[in-house]
Amino acid sequence: MKLLVTGFDPFDGEVMNPSWEAVRLLPDEIAGAQIIKKQVPVVFDRGREVLAEEVKLHRPDMVLCVGQAGGIDTIHVERIGINLIDARIADNDGKQPVDVPIREDGANAYFSTLPVKAMVERIGAAGVKAELSYSAGSYVCNTLLYEALYLADRFYPQMKAGFIHVPYIPEQVTERPDTPSMELADIAKGLLAAIEAAVGGQEIHVSMGTLQ
Ligand code: PCA
């Protein structure tokens, strides 16, 4: 099994993005699955293009995109991607689309096809705080989640996809002591646990399908 795991470039004045820093710490194999890592720009158009190119190139069985959500204090396993861009700030290319759909011909929303509850549970069992989230926002992260699910729906029906938002790491909040953060090692541990659950979940799904 092949998993494409993405993290983002820094954005919004930050010098690093914990999503990519944590993704790059992951081993190249988890629970027997090959892990392909890719850093994605925080740019509405190019971010989606990079994702589509990587999917076309590697044909992963599963895509897990990871992004930073400053201000959260637990790992958020996202449940839904919505067909909307409503950017609060400009992307790294200076573009700030407001109230536009991601895909004119796409569904209003797609649910993550990863086993989100099992992932939250497994992250918690690894000693890292996690919860389900019902909104990935309306910025570049939601766009990437929506796009991954759109691509799966249209072109890669076997491909599962989902998204995880991670908190700031302590180095990012030294000037903002009231803002929550999580150690990078814990974020990486959480991602590892989530991937183990996702890979296990898929195996169960496949074997149930085989029984029918
Ligand atoms: N977080 C942003 C985009 C890139 C990232 O890491 C978001 O939540 O949309």
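Look up: the structure comes first, before these words.
Conventions adopted
- Residues numbered from 1 in each chain as written.
- Predicted model: local features only at pLDDT ≥ 70, side-chain atom pairs only at ≥ 80, totals over all residues.
- Heavy atoms only, no water.
- Helix = DSSP H or I, 4+ residues; strand = E, 2+ residues; numbered from the N terminus.
- Rg over C-alpha atoms; globule rule 2.2 N^0.38 Å.
- Buried < 20%, exposed > 50% of the residue type's maximum accessible area, 1.4 Å probe, protein only.
- Areas by Shrake-Rupley, 256 points an atom, 1.4 Å probe, with all protein chains shown as cover.
- Lys, Arg positive; Asp, Glu negative; His and termini not counted.
- Charge placed at Lys NZ, Arg CZ, Asp CG, Glu CD.
- Near = heavy atom within 4 Å.
- Polar contact = N/O pair within 3.5 Å; in protein donor to acceptor, adjacent residues only side chain to side chain.
- 1 Å grid on protein atoms, 1.4 Å probe; cavity = no way out; pocket = protein on both sides within 12 Å on 5 of 7 lines; lining within 4 Å.
- Sits in = over half its atoms within 2 Å of the grid points.
- Nonpolar A, V, L, I, M, F, W, Y, C, P; charged D, E, K, R; others polar.
- Points joined across faces, edges and corners; volume = space filled by probe spheres on them.
- Phe/Tyr/Trp six-rings, centres within 6.5 Å; stacked < 30°, edge-to-face > 60°.
- Pairing = 2+ DSSP bridges.
- Contact = heavy atoms within 4.5 Å.
- Axes fitted to C-alpha atoms, helices over the stretch in contact; angles between N-to-C directions.

**Student:** Explain the overall build of the protein chain to me, using residue names and the numbers behind them.
**Tutor:** If you tally the helices and strands in the protein chain, you get five helices and nine strands. Reading the helices (α) and strands (β) of the protein chain from amino to carboxyl end gives β-α-β-β-α-β-β-β-β-α-β-α-β-α. A compact globule built from 212 residues should have a C-alpha radius of gyration of about 17 Å, and the protein chain, at 16 Å, falls within 12% of that. Overall, the C-alpha framework of the protein chain stretches about 55 × 40 × 30 Å when taken along its three principal axes. Burial statistics for the protein chain: of 212 residues in total, 50% are counted as buried. Surface exposure of the protein chain reaches about 9,900 Å², of which carbon and sulfur atoms provide 50%. Taken as two groups, the 19 positive and 30 negative side-chain charges of the protein chain have centres that lie 5 Å from each other.

**Student:** Give me the lowdown on the site of the ligand, citing residues and values where you can.
**Tutor:** Taken together, the neighbourhood of the ligand is formed by Phe8, Phe11, Asn17, Val42, Gly67, Gln68, Tyr139, Val140, Cys141 and His165. Within the backbone of Gln68, an N or O atom sits 2.8 Å from a nitrogen atom of the ligand. Here the ligand has 260 Å² of accessible area as a free molecule, and 93% of this is covered by the chains. In this structure, the ligand is accommodated by the largest cavity. In terms of residue class, the shell around the ligand is made up of six nonpolar, four polar and no charged.

**Student:** Before we move on, can you summarise empty space enclosed by the protein with the specific residues and values?
**Tutor:** Per the stated rule, a full pass over the model turns up one cavity of 30 Å³ or more. Roughly 40 Å³ of internal volume is contained in the largest cavity. Considering the residues around the largest cavity, the lining is formed by Phe8, Phe11, Asn17, Val42, Tyr139, Val140 and Cys141. Each residue belonging to the lining of the largest cavity can be placed in one class, and the counts come to six nonpolar, one polar and no charged.

**Student:** How would you sum up the packing of aromatic side chains? Please name residues and give values.
**Tutor:** The final tally for this structure, using the stated rule, is three aromatic pairs. Arranged with centres 6.0 Å apart and planes meeting at 35°, the rings of Phe11 and Tyr139 form a pair that is tilted. With a gap of 128 residues between them, Phe11 in the loop between strand S1 (2–8) and helix H1 (18–25) and Tyr139 in the loop between strand S8 (130–133) and helix H4 (140–154) connect regions that are remote in the sequence. In this pair, the class of Phe11 matches that of Tyr139, namely buried.

**Student:** Got a sec to walk through the sheet that holds strand S4 (residues 62–68)? Specific residues and values, please.
**Tutor:** Each strand in a sheet pairs with another by means of backbone hydrogen bonds, the pair being arranged parallel or else antiparallel. As summarised here, the arrangement of the seven strands in space is S2-S3-S1-S4-S9-S5-S8, forming an open sheet in which the pairing is mixed. This sheet does not close on itself; its edge strands, each paired only once, are strand S2 (29–30) and S8. Bridge count between strand S5 (residues 75–78) and strand S9 (residues 160–166): three bridges; the pairing is antiparallel. Bridge pairing in S9 places His76 opposite His165. Lying over the sheet, helix H2 (residues 44–58) contacts S1, strand S3 (33–40) and S4, oriented at roughly 155° with respect to S3.

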